[in-house]
Amino acid sequence: MDYQAVLDEVATAVRPLIGQGRVANYIPALAAVDPGRFGMALATVDGQLFGVGDWRVPFSIQSISKVFTLALTLARDGDAVWRRVGKEPSGNPFNSLVQLEYEQGIPRNPFINAGALVITDRLLRLTGDARGVLREFLRVESGNPALDFDPVVAASEATHGHRNAALAHFMASYGNIENPVADVLDHYFWQCSLSASCADLARACGFLARHGQRAGGERLLTRSQAKQVNAVMLTCGTYDAAGDFAYRVGLPGKSGVGGGIIAVIPNLCGLCVWSPGLDARGNSVAGVEALDRFTTLTGLSVF
Ligand code: DON
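Computed from a prediction, not measured in an experiment: that's the story for all the values here.

A.B. asks: Please clarify how the pairing of strand β1 (residues 39–44) should be interpreted in this entry.
C.D. replies: In the case of a regular strand, side chains alternate between the two sheet surfaces. Across the 6 residues of β1, 6 count as buried, placing the element largely inside the fold. Here β1 shows a buried face lined by Gly39, Ala41 and Ala43 and a second buried face lined by Met40, Leu42 and Thr44. Relative to strand β2 (residues 49–53), β1 runs antiparallel, the two being bridged by 5 bridges. Residue methionine 40 lies in a different strand from β2, and its bridge partner there is valine 52. The antiparallel pairing of β1 with β2 creates a hairpin that spans 4 residues between the two strands, and glycine 47 there sits at a positive phi of about 100 degrees. Two strands pair when backbone bridges link them, and β1 and strand β8 (residues 269–274) are joined in this way by 6 bridges, in the antiparallel orientation. Along β8, the bridge assignment pairs glycine 39 with tryptophan 274.

A.B. asks: What am I meant to see in the layout of surface pockets here?
C.D. replies: Remark: the empty space left among the atoms is shown by a probe the size of a water molecule rolled over them. Put simply, the largest pocket is a space of about 540 Å³. If you trace the largest pocket, you find 27 residues lining it, with Ala24, Tyr26, Phe94, Asn95 and Val257 closest to the centre. Contributions of two or more residues to the lining of the largest pocket are made by α8 (162–173) and α9 (181–192). Around the second largest pocket sit 15 residues that line it, and Ala29, Leu30, Val33, Phe59 and Ser60 are the ones nearest its centre. Residue composition of the lining of the second largest pocket, grouped by class: 11 nonpolar, 3 polar and 1 charged.

A.B. asks: What is the right way to look at the sheet that holds β8 in this model?
C.D. replies: Each strand in a sheet pairs with another by means of backbone hydrogen bonds, the pair being arranged parallel or else antiparallel. In space, the 5 strands of this open sheet follow the order β2-β1-β8-β7-β6, with antiparallel pairing throughout. Of all strands in the sheet, those bounded by a partner on one side alone are β2 and β6 (253–255). In this sheet, adjacent strand axes meet at a mean angle of 10 degrees when their direction is disregarded.

A.B. asks: Help me understand the nonpolar core, please; the structure alone is not making it clear to me.
C.D. replies: What tends to happen in soluble globular proteins is that the nonpolar side chains get buried as a cluster. Judged by nonpolar contacts, the single largest core of 47 residues is most densely connected at Phe68, Leu138, Leu201, Leu221 and Ile262. Here this core gets 6 residues from one element, more than from any other, and that element is helix α3 (residues 65–77). Beyond its immediate stretch of four places on either side in the chain, leucine 138 contacts Ile61, Phe68, Leu147, Leu194 and Ala204. One finds Ala11, Phe245, Leu251 and Ala290 within the second-largest nonpolar core, a separate group that totals 26 residues.

A.B. asks: What should I look at first to understand the UniProt feature "binding site: substrate" (unreviewed entry) in the protein in this one?
C.D. replies: If you check UniProt for "binding site: substrate" (unreviewed entry), the listed places come out as Ser63, Asn113, Glu157, Asn164, Tyr188, Tyr239 and Val257 in our numbering. In the annotated group above, the largest pocket draws its lining from Ser63, Asn113, Glu157, Asn164, Tyr188 and Val257. Relative to the helices and strands, serine 63 resides in the loop between β3 (59–60) and α3. Not counting the four nearest positions on each side in its chain, serine 63 is found in contact with Asn113, Tyr239, Lys254, Ser255 and Gly256. As for its placement among the helices and strands, tyrosine 239 is situated in the loop between α12 (223–236) and α13 (242–249). By relative accessible area, tyrosine 239 is classed as buried at 5%. Once residues within four sequence positions are removed from consideration, tyrosine 239 is found in contact with Ser63, Lys66, Asn92, Phe94, Phe111, Ile112, Lys254, Ser255, Arg281 and Asn283. Among the polar contacts listed, one links the side chain of tyrosine 239 to the side chain of serine 63, at a separation of 3.2 Å.

Definitions and cut-offs
- Residues numbered from 1 in each chain as written.
- Predicted model: local features only at pLDDT ≥ 70, side-chain atom pairs only at ≥ 80, totals over all residues.
- Heavy atoms only, no water.
- Buried < 20%, exposed > 50% of the residue type's maximum accessible area, 1.4 Å probe, protein only.
- Helix = DSSP H or I, 4+ residues; strand = E, 2+ residues; numbered from the N terminus.
- Pairing = 2+ DSSP bridges.
- 1 Å grid on protein atoms, 1.4 Å probe; cavity = no way out; pocket = protein on both sides within 12 Å on 5 of 7 lines; lining within 4 Å.
- Points joined across faces, edges and corners; volume = space filled by probe spheres on them.
- Nonpolar A, V, L, I, M, F, W, Y, C, P; charged D, E, K, R; others polar.
- Axes fitted to C-alpha atoms, helices over the stretch in contact; angles between N-to-C directions.
- Core = buried A, V, L, I, M, F, W, Y, C linked by side-chain atoms within 4.5 Å.
- Contact = heavy atoms within 4.5 Å.
- UniProt positions renumbered as here; feature names shortened; annotations may be inferred.
- Polar contact = N/O pair within 3.5 Å; in protein donor to acceptor, adjacent residues only side chain to side chain.

Written out as structure tokens, the structure reads:
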């Protein structure tokens, strides 16, 4: 298949949607991003890389980080993780508090904020440096040693992080946070602040297309664990829009409020698309459409 031609066709088709939606505005550093940006990259499991538009421009990865912290934690902790976080779609916004009280401080899944805080807590306990382990993993898998945190975004996340602080303290009251809440929040905010391009992230999620095997050939996850992460991405990766995303795109995917979305085609490639305009549920408008077009044009999906 001529992937470059497909990406070019997708980029042309979504052009009218670029700039639609709203750029995340809860912190100034995200509100300042140009809504006219669009990029998309495809990295095959055997190392080929294709891209279109702003595919080499770094953006704030935000909640896309949650896929990688889950994988890094599963790799070290195995099934023990699932005692502290569920694997069911939440049907609620990513930063919702209400469900947590009904469910005694056990978050529905690792991709809503509460679940990601639990994962960060566990990774911090297991490694002593959750954010550092994440940055190193992304640098190695992307092949980009310059991939780094954005300290301005990290600081703003902390300043405006009252809801995340509430979630973390609430879970701590149920005994579901092991480290000091301030440390967990700090690592979580820095993880969200990482900047990476579509090219970086398409490559970095390749281990999920290779059934758990890293770019250098060594194994991060068992085949079964890689299946688990992909399955949770499919059912929970785009929050209360996961049903619509699965219906339209038919791939495991994970979005972030920076406007990025990663998606995985097992045995074939990692994909990443970025356009900052978000729909009401926090997913990139042009990004979801681009992935929808991609799977429709190529017939490539998990179904
Ligand atoms: O926790 C937050 O509010 C952000 N730093 C990350 C949120 C995010 O990307 C959720 N995703 N769509």
